[in-house]
Amino acid sequence: MTIQRILTGIQATGELHLGNYAGAILPILEFAKANPDEQEVFVFCADWHGLTNKDKFEKPGLYRNKVLACLLALGYPVDKHVLYTQSSIPEILEMVWYLSSSIHVGILERNVTYKDALQNNKLPTVALFNYPILMACDILAVKANMVPVGKDQSQHLELCADFAKSFNHMTQTECFPIPKAYLQDNPVLPGNDGRKMSKSYGNTLELFADLKTVQKQIKAIKTDSKSREEPKDPSDCLVYQYMQALGNQESTAYMADKLRQGNYGYGDAKADLWQAYNAVFTPEKYALYAELQQDSVLTDMLAEPLEKVRSIVVETTQHMRQALKF
Ligand code: ADP
Ligand code: TRP
């Protein structure tokens with residue numbers, strides 16, 4: 001039986017928040033429950049991608065360890081599946097150069113990320129322009145079969161498949177299998193201001209923030225003015241949406257029932273949400289999160305997976321060199 005290789009990347013551009021938890025981290029943890037004899041899961045911190053914004057160049061260095069520590073503290077099974085940092089594998093950048101030789105500039109000019117930057121009067125860097133090639137190399141480097149991403153990344157995945165085909169065609173080889181996108185249709189979690197919860201809007205409920213801050217943020221969640229007695233529609237209630245995002249079905253169903261029945265105020269709902277947060281983000285996980293952020297601890301813990309993934313990428317780079325007759 002051939003083992004399916006599933007790969008996804010998380011950028012390190014700020015503190016992770018409840019939207020990331022529901023939309024990216026929980027799905028990754030779900031995939032990682034797979035039996036490694038059937039499916040291998042590769043997750044990496046896409047720190048080089050964070051350098052596409054010239055004004056925030058210092059972010060990836062600041063947040064890289066937090067992303068890895070967060071996944072590990074929440075139970076990513078690094079003994080069964082793979083976790084690594086993109087910048088620990090320099091061959092990926094060698095691949096970027098080789099792959100670039102088969103890609104026309106016009107294709108990148110049509111990329112949404114680049115067009116958005118131009119439309120918003122930002123001055124795109126070469127790194128931003130090349131972003132889809134780097135992302136394609138992340139995927140092709142490990143010859144991934146399936147890539148779970150949000151819908152906003154679908155064009156990048158289409159480009160990756162096109163780039164793989166162009167390189168195969170140009171070199172008359174089967175160097176790359178063509179990866180498939182697995183488009184995830186997770187609901188977008190709103191922030192307290194009604195916009196998408198996002199670190200760019202400063203409207204997040206941060207993961208692993210100090211508990212006083214979390215409590216304050218929960219208390220500050222906006223609600224309507226319905227009295228405690230009145231029945232309430234869960235789908236209109238942000239506290240309920242945050243409860244859903246935490247992923248515990250029992251507590252979510254309980255809150256939905258209580259809201260619909262009435263005699264359950266927003267204060268009660270917030271107290272239940274606070275409890276549910278503490279049940280997921282336990283003191284043990286807080287302690288692990290703090291410990292795992294240390295360079296020495298992470299380097300030790302990720303040494304074996306890094307060796308595994310690097311040897312795969314070295315082999316792929318070798319295939320590219322051979323295909324190009326280098
Ligand atoms: P941000 O908007 O804070 O910069 P990213 O764009 O880095 O977040 O998102 C990283 C991952 O988290 C993506 O897979 C994205 O789909 C998911 N994600 C981010 N914000 C939300 C949200 N508000 N609701 C659901 N998923 C989200
Ligand atoms: N571009 C993705 C994002 O912004 C992160 C990412 C980088 C990625 N390389 C990847 C995702 C490769 C999947 C596969 O969310």
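Residues numbered from 1 in each chain as written. Chains lettered and ligands numbered in written order. Predicted model: local features only at pLDDT ≥ 70, side-chain atom pairs only at ≥ 80, totals over all residues. Heavy atoms only, no water.

A. Summary view of the nonpolar core. Residues Tyr76 and Phe281 are the most contacted members of the largest nonpolar core, which totals 60 residues. In terms of residue count, the dominant contributor to this core is helix α2 (residues 59–73) (eight residues). Setting aside anything within four residues of it in sequence, one finds Phe281 in contact with Tyr21, Leu74, Leu207, Phe208, Leu246 and Tyr286. Residues Ile139, Val142, Ile312 and Ala323 belong to the second largest nonpolar core, which totals 43 residues. (Core = buried A, V, L, I, M, F, W, Y, C linked by side-chain atoms within 4.5 Å. Buried < 20%, exposed > 50% of the residue type's maximum accessible area, 1.4 Å probe, protein only. Helix = DSSP H or I, 4+ residues; strand = E, 2+ residues; numbered from the N terminus. Contact = heavy atoms within 4.5 Å.)

B. A look at the pattern of salt bridges. Tallied over the full model, the rule gives 11 salt bridges. Notably, a salt bridge pairs Asp47 with Arg64, separated by 2.8 Å at the nearest N-O pair. Here Arg64 lies in helix α2 and Asp47 lies in the loop between β2 (39–46) and α2, a separation of 17 residues in the sequence. By relative accessible area, which is 25% here, Arg64 ends up partly exposed. For Asp268, the salt bridge identified is with Arg228, shortest N-O distance 2.9 Å. Taken together, the residues Asp268 in helix α11 (residues 266–280) and Arg228 in the loop between α8 (211–219) and α9 (238–246) connect sequence positions 40 residues apart. Looking at Arg228, the relative accessible area reads 42%, which means it is partly exposed. Salt bridges here are not isolated pairs; linked through shared partners, they connect Arg5, Glu40 and Lys308. (Salt bridge = Lys/Arg side-chain N within 4 Å of Asp/Glu carboxyl O.)

C. Layout of unusual backbone geometry. Of note in this structure, Asn121 is not a glycine but carries a positive phi near 55°. Examined against the element boundaries, Asn121 turns out to sit in the loop between α5 (112–119) and α6 (126–141). Asn121 gets classed as exposed once you look at its relative accessible area, which sits at 71%. A positive phi angle, close to 60°, is found at Phe208, a residue other than glycine. For Phe208, the location among the structural elements is in the loop between β5 (180–184) and α8.

D. Main features of α6. If you check α6, its first and last C-alpha atoms are 21 Å apart, about what 16 residues at 1.5 Å a residue would give, namely 22 Å. Pro132 marks where α6 bends most, by close to 45°. Taking burial as the measure, the 16 residues of α6 include 13 buried ones, the bulk of the element. (Expected span 1.5 Å × (residues − 1). Bend = angle between axes of the 7 residues up to and from the residue.)

E. Geometry of the packing of aromatic side chains. Here the structure, examined in full by the defined rule, presents 10 aromatic pairs. On the numbers, 5.2 Å between centres and 80° between planes, the contact of Phe208 with Tyr286 is edge-to-face. Taken together, the residues Phe208 in the loop between β5 and α8 and Tyr286 in helix α12 (residues 283–292) connect sequence positions 78 residues apart. Tyr286 shares its class with Phe208; the two are buried. Each ring, one from Tyr277 and one from Phe281, has its centre 4.6 Å from the other, and the planes form 20°; the classification is stacked. Per residue, the accessibility class of Tyr277 equals that of Phe281, and both read buried. Three or more aromatic residues link up through ring pairs in this structure, and these residues are Tyr21, Phe208, Tyr277, Phe281, Tyr286 and Tyr289. Above the ring of Tyr201, the side-chain terminus of Arg195 is found at 4.1 Å from the ring centroid. Lying across the ring of Tyr266, Lys232 places its NZ or CZ 5.5 Å from the centre. (Phe/Tyr/Trp six-rings, centres within 6.5 Å; stacked < 30°, edge-to-face > 60°. Lys NZ or Arg CZ within 6 Å of the ring centre and 35° of its normal.)

The values are spatial; any link to function lies outside them.
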